[in-house]
Amino acid sequence: MWYGKDTKELTALKQEYEKKFGYNPDGEIELEYGPDSYKRYVSDIKRAIQTGEHLADFVE
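Residues numbered from 1 in each chain as written. Predicted model: local features only at pLDDT ≥ 70, side-chain atom pairs only at ≥ 80, totals over all residues. Heavy atoms only, no water.

**A look at the side chain of Lys14**
Tracing the backbone shows Lys14 in helix α1 (residues 8-21). On the accessibility criterion, Lys14 (6% relative accessible area) is buried. Setting aside chain neighbours within four positions, we find Lys14 in contact with Trp2, Asp6, Asn24, Pro25, Asp26 and Tyr41. (Helix = DSSP H or I, 4+ residues; strand = E, 2+ residues; numbered from the N terminus. Buried < 20%, exposed > 50% of the residue type's maximum accessible area, 1.4 Å probe, protein only. Contact = heavy atoms within 4.5 Å.)

**Regarding the nonpolar core**
One broad trend across soluble globular proteins is that nonpolar side chains are buried collectively. In terms of nonpolar packing, the biggest core is built from 15 residues, with Tyr17, Tyr33, Tyr41, Ile45 and Leu55 touching the most fellow members. Mapped by element, the contributors of at least two residues to this core are α1, α2 (38-51) and α3 (55-58). At five residues, α2 tops the list of elements feeding residues into this core. When near neighbours in sequence (up to four residues on either side) are disregarded, Ile45 contacts Leu10, Leu13, Tyr17, Pro25 and Leu55. (Core = buried A, V, L, I, M, F, W, Y, C linked by side-chain atoms within 4.5 Å.)

**Overview of the packing of α1 against α2**
Viewed as axis vectors pointing N to C, α1 and α2 meet at an angle of 30°, and their least axial separation amounts to 10 Å. Classified by the angle their axes make, α1 and α2 are roughly parallel. Handedness of the α1/α2 crossing: left-handed. Across the interface between the two elements, Glu9, Leu10, Leu13, Lys14, Glu16, Tyr17, Lys20 and Phe21 of α1 pack against Tyr38, Tyr41, Val42, Ile45, Lys46, Ala48 and Ile49 of α2. The residue makeup of the contact of α1 with α2, split by class, is ten nonpolar, no polar and five charged. (Axes fitted to C-alpha atoms, helices over the stretch in contact; angles between N-to-C directions. Parallel < 35°, antiparallel > 145°, perpendicular 65-115°, else oblique. Left-handed = near helix turned anticlockwise from the far one by under 90°. Nonpolar A, V, L, I, M, F, W, Y, C, P; charged D, E, K, R; others polar.)

**Observations concerning α2**
If you check α2, its first and last C-alpha atoms are 20 Å apart, about what 14 residues at 1.5 Å a residue would give, namely 20 Å. Within α2, burial applies to Tyr41, Val42, Asp44, Ile45, Ala48 and Ile49. Around the axis of α2, the buried residues are gathered within 165° of arc, so they sit on the same side. Exposed residues pointing more than 90 degrees away from the buried face of α2 are listed as Lys39 and Gln50. Buried positions along α2 lie against α1 and α3. Phi turns positive, to about 80°, at Gly52, one or two residues after α2. (Expected span 1.5 Å × (residues − 1). Arc of directions from axis to C-beta.)

**Quick word on the packing of aromatic side chains**
This structure, assessed with the given rule, holds five aromatic pairs. Plain terms: the ring middles of Tyr33 and Tyr41 are 4.4 Å apart, the flat faces sit at 45° to each other, and that makes the pair tilted. Among the aromatic residues, those joined into a ring-pair cluster are Trp2, Tyr33, Tyr38 and Tyr41. Sitting over the face of the ring of Phe58, Arg47 holds its NZ or CZ atom 4.0 Å from the ring centroid. (Phe/Tyr/Trp six-rings, centres within 6.5 Å; stacked < 30°, edge-to-face > 60°. Lys NZ or Arg CZ within 6 Å of the ring centre and 35° of its normal.)

In structure tokens:
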């Protein structure tokens, strides 16, 4: 779950993630990203899209 402000980049990535996996990455309730984790969250979403792995499959 993302607790920060959405940017244009993040909104586009969330839409791409949802298109690929069928749900918004914020639906990964067991994962929490605070406002100070923006770069990591964007990086993790990009990795998920590129590898085809859900966030919960590789984020600890």
